[in-house]
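Chain and residue survey
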Amino acid sequence: MKTAGNHPEDLLSYVDGDPSDRRYEQIRLHIDSCAECREEIRLWRSMQEMLRAPEFEIEVPPLQWPQIQGRIDSHPRGLRWREKLAFLWSTRWPAWSTAFAIIVLIAVTVSGFNYYKQVEADQMFAIAIYSEAEWLRIRAADNPFRNLIADSAENPFARFQVTDKGNPSAIR
Amino acid sequence: MKSEQAEIIRRARAGDVEAFRQIHEEYGRRILNFIYRMVDSREDAEDLTQNVFLIAFHELRRLQDAGRFESWLYRIARNEVYQTFRKKRSEPPLQDASMEMGEGAQPRVEPADDRPNPQERILHGELGSIIVKMLQSLPLKLREVFVLSVIHELSYSEISEIVGRSLLSVKTDIFRARSLARRHLRRYLEQKK
């Protein structure tokens, strides 16, 4: 095992004291017998010491907490709508969230279908009313053009036969 | 996590400001220094630390596992840092002050006592500035794992949770960052022999 020369990254878990590495024990035994790896580790550790020195840290300003407290007081904690509905997307309740989403989807689909059917029925009713009114107008006795209109190819009601006397016959 | 700390977090979750003050006392310095290492500006670090604790106070109720409080707090700090970087990137670059000064314009008056205090003298000393330069030279992705691992002594799994990357990716990045850092600090490390 030539750790420091070939794979210095193998020493990382040892330097950081991470025993979760499966080779930790193997690396530890190797270090005991390898001067090169011991030197590598010494360098890494002295770099850590240097960087962790308290003189390179900055102090919390004494007024920081009063400022935070002031901001907390000016924005008291209250439940926002996002927090009230948080249970819907909470990772603890994925089944509830999925069920809720499916119910919403079904409700939207059914109501949309019903709306479409209602609109279609309204349109059919309007056509029927219009047809009836048109028919009454054509067959009116005082309409001098009743025969012309009734026989015209453009007349959508041409399928209705109008006699000389203005009486409609049965539908063909 | 100690039961005493868990109790403080439980009280803070219930809205106890005094308990939250204790949390700030415990973690304030670490969060401030983490942000400082990331943004390299004391003023920004102090402002962002305030934001982090304000967010933590308001969002604490959503934290499900009190044992993960520290990682959660660091994650908020990291998000704030990234948000600042994003904002700074979208801001137009400031014009050079010397360009703005026309003829006859007065030079900027410096504060009366601008001498650094002893702590700042150390921070701005040779080694201090080399450390700052070394951190600045690291890409953000490497800098965050390096600071959390080497300076803040967090475990790999905690770091992985904070940065939202796999354990393997975190380990690789820590190694790369350490190697780059060692190259920068070689002269000082040899002096310590």
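Residues numbered from 1 in each chain as written. Chains lettered and ligands numbered in written order. Predicted model: local features only at pLDDT ≥ 70, side-chain atom pairs only at ≥ 80, totals over all residues.

**A few points about the overall build of chain A**
The following threshold applies: Starting at the N terminus, helices and strands are each numbered in turn, a helix being any DSSP run of H or I of at least four residues and a strand any DSSP run of E of at least two. Buried, partly exposed and exposed are defined by the number of other C-beta atoms within 10 Å of a residue's own C-beta, namely 20 or more, between the two limits, and 12 or fewer respectively, with C-beta atoms placed from the backbone. In this description, any two residues whose backbone-derived C-beta atoms lie within 7 Å of each other are considered to be in contact.
Of regular secondary structure, chain A possesses nine helices and zero strands. Secondary structure of chain A in N-to-C order comes out as α-α-α-α-α-α-α-α-α. Out of the 172 residues in chain A, the part that is buried amounts to 9%. Nonlocal contacts in chain A, meaning residues at least 24 apart in sequence, comprise 33% of its contacts between residues at least 6 apart.

**Focus on the overall build of chain B**
Within chain B, the secondary structure is distributed over eleven helices and zero strands. Reading the secondary structure of chain B in the N-to-C direction produces α-α-α-α-α-α-α-α-α-α-α. Looking at chain B residue by residue over its 193 residues, the buried ones come to 30%. Of the contacts formed within chain B by residues at least 6 apart in sequence, a portion of 61% connects residues at least 24 apart.

**Let's talk about the interface of chain B and chain A**
In plain terms, the rule: When residues are sorted by character, Ala, Val, Leu, Ile, Met, Phe, Trp, Tyr, Cys and Pro go into the nonpolar class, Asp, Glu, Lys and Arg into the charged class, and all the rest, Gly among them, into the polar class.
Tallying the contact residues gives 37 residues for chain B and 27 residues for chain A. Of all elements in the fold, only helix 2 (17-39), helix 3 (42-59), helix 6 (118-123), helix 7 (126-137), helix 8 (140-151), helix 10 (167-184) and helix 11 (186-191) of chain B reach the threshold of two or more residues within the side of chain B that touches chain A. Broken down by class, the residue content of the side of chain B that touches chain A amounts to 18 nonpolar, ten polar and nine charged.

**Some details on the nonpolar core**
All names here are of chain B. So the rule is basically this: By our criterion, buried Ala, Val, Leu, Ile, Met, Phe, Trp, Tyr and Cys residues that link up through C-beta atoms within 7 Å make up a nonpolar core.
Among the nonpolar cores identified, the biggest contains 52 residues, and Ile31, Ile35, Leu73, Ala77, Val145 and Phe146 are the most heavily contacted of them. Top contributing element to this core by residue count: helix 2, with nine residues. Dropping the residues within four chain positions of it, Ile31 is found in contact with Thr49, Val52, Leu73 and Ala77.

**Details of the environment of B:Leu189**
Mapped onto the fold, B:Leu189 is located in helix 11. For B:Leu189, the contacting residues outside a window of four places in its chain are A:Leu43, A:Ser46 and A:Met47.

**Describing the packing of helix 5 (residues 64-74) of chain A against helix 3 of chain B**
Selection rule: Lines fitted to C-alpha atoms define the axes here, with helix axes fitted over just the stretch in contact, and angles between the N-to-C directions of these axes take values from 0 to 180 degrees. Relative orientations are named as follows: roughly parallel for angles under 35 degrees, roughly antiparallel for angles over 145 degrees, roughly perpendicular for angles from 65 to 115 degrees, and oblique for any other angle. Two helices that cross are described as forming a left-handed crossing if the nearer one is turned anticlockwise from the farther one by less than a right angle, and a right-handed crossing if clockwise.
Two elements in contact, helix 5 of chain A and helix 3 of chain B, have axes whose closest approach is 10 Å; the angle formed by their N-to-C orientations is 45°. The pairing of helix 5 of chain A with helix 3 of chain B is recorded here as oblique in orientation. In this structure, helix 5 of chain A crosses over helix 3 of chain B, and the sense of that crossing is right-handed. Side by side, helix 5 of chain A and helix 3 of chain B meet where A:Gln64, A:Gln67, A:Ile68, A:Arg71 and A:Ile72 of the first sit next to B:Glu46, B:Thr49, B:Gln50, B:Phe53, B:Leu54 and B:Phe57 of the second. Looking at side-chain class alone, the contact of helix 5 of chain A with helix 3 of chain B contains five nonpolar, four polar and two charged residues.

**Points about helix 4 (residues 35-52) of chain A**
Residues and elements named next belong to chain A. How we decide: Take the residue count of a helix, subtract one, and multiply by 1.5 Å to get its expected span. The directions considered for the arc run from the helix axis to the C-beta atoms.
Given a rise of 1.5 Å per residue, 18 residues ought to cover 26 Å, and the 26 Å separating the end C-alpha atoms of helix 4 matches this to within 8%. Among all positions in helix 4, only Cys37, Trp44 and Met47 are buried. The arc enclosing the buried residues of helix 4, seen along the axis, measures out at 85°, which places them on a common side. Pointing more than 90 degrees away from the buried face of helix 4 are the exposed residues Ala35, Glu39, Arg45 and Glu49.

**Here we look at the packing of helix 2 of chain B against helix 4 (residues 69-90) of chain B**
Residues and elements named next belong to chain B. Here helix 2 crosses helix 4 at 30°, and the two axes come no closer than 10 Å. Taken as axis vectors, helix 2 and helix 4 run roughly parallel relative to one another. Between helix 2 and helix 4 lies a crossing whose hand is right-handed. Within the contact between the two elements, helix 2 uses Tyr27, Ile31, Phe34, Ile35, Met38 and Val39 and helix 4 uses Glu70, Leu73, Tyr74, Ala77, Val81 and Thr84.

**Topic: the confidence of the model for chain B**
Residue and element names in this part refer to chain B. Cut-off, in case you're wondering: The pLDDT value expresses, per residue, how confident the predictor is, ranging between 0 and 100.
This prediction gives chain B a mean pLDDT of 82; 79% of its residues lie at or above 70. Mean pLDDT values for the elements of chain B range from 40 in helix 5 (residues 97-100) up to 94 in helix 2. Here residues 94-114 is a poorly scored stretch, pLDDT under 50, and it has one contact once near neighbours within four places are set aside; other chains count.

**Regarding unusual backbone geometry**
The phi dihedral of B:Asp40 is positive, around 60°, even though this residue is not glycine. On the basis of neighbour counts, which here come to 14 C-beta atoms within 10 Å, the residue B:Asp40 falls in the partly exposed class.

**Comments concerning the environment of A:Ile72**
Relative to the assigned elements, A:Ile72 resides in helix 5. Discounting residues that sit within four places of it in the chain, A:Ile72 has contacts with B:Val17, B:Leu54 and B:Phe57.

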